[in-house]
Amino acid sequence: EVQLLESGGGLVQTGGSLRLSCAASGFTFSSYAMSWVRQAPGKGLEWVSSLSSSGSSTYYADSVKGRFTISRDISKNTLFLQMISLRAEDTGIYYCAKVRYGDFFFDYWGQGTLVTVSS
Amino acid sequence: DIQMTQSPPTLSASVGDRVTITCRASQSISNWLAWYQQKPGKAPNLLIYQASSLESGVPSRFSGSGSGTEFTLTISSLQPDDFATYYCQHYNSLLIFTFGPGTKVDIK
């Protein structure tokens, strides 16, 4: 059974940093592209970042480019999102999502972790 | 950049109703479109991919159609479990994704 478990969220001051983790199980983590998607309180879904299956290519939404870094540790089956220079508008639930092999949509999502950026 | 829109933003319906949600892309996206259902406090759940392919385990009352710039999600007979928010999503091989703003289906 595929499971994605996010952690690392919390309350951080404006300008601060946070690292989110997504522990994956139930599939061969190293073979799949993965992404982060966020949702501000009461708002819709916003794609944040993706990591290719090879781990060599990364992609970012313009709103986070230069501030967020996606990475993974294959030995720990864990996806990361390092966030710096956090802003109030980064507040929301952050989901990690698995990309279906051979295609490019999300077939599994984690339960999310809440990030709150406040002054 | 490709923009996605959805209509209506909110839809009030009754159990048993046929419900249709429309998603439009600002330029042709072929059939690179997925639909997700999200219930309050929960992660989104995949319903449809490639515009019209039903994800395994999803009830057959859900269907998708369209290509190019206009797409629809249809629920043939709305059930109590279907009251939720629905998002369309454009995806591509570049691993860059764009979601529509969502359509909330609530009880009439």
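The structure this text deals with has already been given above.
Residues numbered from 1 in each chain as written. Chains lettered and ligands numbered in written order. Predicted model: local features only at pLDDT ≥ 70, side-chain atom pairs only at ≥ 80, totals over all residues. Heavy atoms only, no water.

Colleague: Describe the nonpolar core, listing the residues and the values that go with them.
Modeller: Side chains of nonpolar character tend, in soluble globular proteins, to be buried together. Of all hydrophobic cores here, the largest spans 46 residues; its most connected members are Trp36 and Phe106 of chain A. Core analysis: the next-biggest nonpolar cluster, separate from the first, contains 25 residues, Ile2, Ala25, Leu33 and Phe83 of chain B among them. (Core = buried A, V, L, I, M, F, W, Y, C linked by side-chain atoms within 4.5 Å. Buried < 20%, exposed > 50% of the residue type's maximum accessible area, 1.4 Å probe, protein only.)

Colleague: An account of the pairing of strand S9 (residues 85-90) of chain B is requested, with residue identities and associated values reported.
Modeller: All names here are of chain B. Among the six residues that make up S9, six are buried, leaving the element largely enclosed by the rest of the structure. Pairing analysis gives six bridges linking strand S4 (residues 33-38) to S9, with the strands arranged antiparallel. Looking at the pairing, Leu33 lines up with His90 of S9. Of the strand pairs in this sheet, S9 and strand S11 (residues 103-107) are connected by two bridges, and their pairing is antiparallel. Bridge assignment links Tyr86 to a residue of S11, and that residue is Thr103. The sheet contact formed by S9 and strand S10 (residues 98-99) spans two bridges and is antiparallel. (Helix = DSSP H or I, 4+ residues; strand = E, 2+ residues; numbered from the N terminus. Pairing = 2+ DSSP bridges.)

Colleague: Talk me through the state of the cysteines; I want residue IDs and the actual numbers.
Modeller: Here the structure, examined in full by the defined rule, presents two disulfides over all chains. The disulfide bridge from Cys22 of chain A ends at Cys96 of chain A, spanning 2.0 Å between sulfur atoms. In this structure the cystine formed by Cys22 of chain A and Cys96 of chain A twists about its S-S bond by roughly 45°; its chirality is therefore right-handed. A residue pair is termed long-range when its members are at least 10 positions apart, and Cys22 of chain A in strand S3 (residues 18-25) and Cys96 of chain A in strand S9 (residues 92-99) qualify at 74 residues. Cys96 of chain A shares its class with Cys22 of chain A; the two are buried. The disulfide bridge from Cys23 of chain B ends at Cys88 of chain B, spanning 2.1 Å between sulfur atoms. Measuring the twist about the S-S bond at about 75°, one finds the Cys23 of chain B-Cys88 of chain B disulfide to be right-handed. With Cys23 of chain B in strand S3 (residues 19-25) and Cys88 of chain B in strand S9, this pair connects stretches of sequence that are 65 residues apart. In this pair, the class of Cys23 of chain B matches that of Cys88 of chain B, namely buried. (Disulfide = S-S within 2.5 Å.)

Colleague: Now, about the interface of chain A and chain B: what can you tell me, with residues and values included?
Modeller: The interface is formed by 24 residues belonging to chain A together with 22 residues belonging to chain B. Note on chain A versus chain B: buried area summed over both sides is about 1,800 Å², and carbon and sulfur give 66% of it. Three residues, Leu45, Phe104 and Phe105 of chain A, lead the burial of chain A against chain B; their summed loss comes to 35% of the area buried on that side. Across the salt bridge formed by Arg100 of chain A and Glu55 of chain B, the nearest N and O atoms sit 2.6 Å from each other. Put simply, chain A and chain B have eight residue pairs in polar contact (both at pLDDT 80 or more) between them. For the side of chain A that touches chain B, the secondary structure elements donating two or more residues are strand S4 (34-39), strand S5 (45-51), S9 and strand S10 (106-109) of chain A. Ranked by the residues each element gives to the side of chain A that touches chain B, the list is headed by S5 of chain A, at five residues. Along the lines of polarity and charge, the residues of the side of chain A that touches chain B split into 12 nonpolar, six polar and six charged. (Contact = heavy atoms within 4.5 Å. Buried area = accessible area lost by both parts, 1.4 Å probe. Salt bridge = Lys/Arg side-chain N within 4 Å of Asp/Glu carboxyl O. Polar contact = N/O pair within 3.5 Å; in protein donor to acceptor, adjacent residues only side chain to side chain. Nonpolar A, V, L, I, M, F, W, Y, C, P; charged D, E, K, R; others polar.)

Colleague: Tell me what's going on with the packing of aromatic side chains, and back it up with residues and numbers.
Modeller: Aromatic ring pairs are defined here through the distance separating the ring centres and the angle between the ring planes. Throughout the structure, instances matching the rule amount to 15 aromatic pairs over all chains. Ring centres of Phe62 of chain B and Tyr86 of chain B lie 6.3 Å apart, and the angle between their planes is 40°; on these two criteria the pair is classed as tilted. Remark: Tyr86 of chain B occurs in strand S9 and Phe62 of chain B occurs in strand S7 (residues 62-67); sequence separation between them is 24 residues. Here the two residues Phe62 of chain B and Tyr86 of chain B agree in accessibility, since each one is buried. Linked through ring pairs, Trp47, Tyr95, Phe106 and Trp109 of chain A together with Tyr36, Phe97 and Phe99 of chain B together constitute an aromatic cluster. Sitting over the face of the ring of Phe80 of chain A, Arg19 of chain A holds its NZ or CZ atom 4.1 Å from the ring centroid. Lying over the aromatic face of Tyr49 of chain B, Arg100 of chain A brings its terminal NZ or CZ to 5.4 Å of the ring centre. (Phe/Tyr/Trp six-rings, centres within 6.5 Å; stacked < 30°, edge-to-face > 60°. Lys NZ or Arg CZ within 6 Å of the ring centre and 35° of its normal.)

Note that all results are geometric; they support no functional claim without further evidence.
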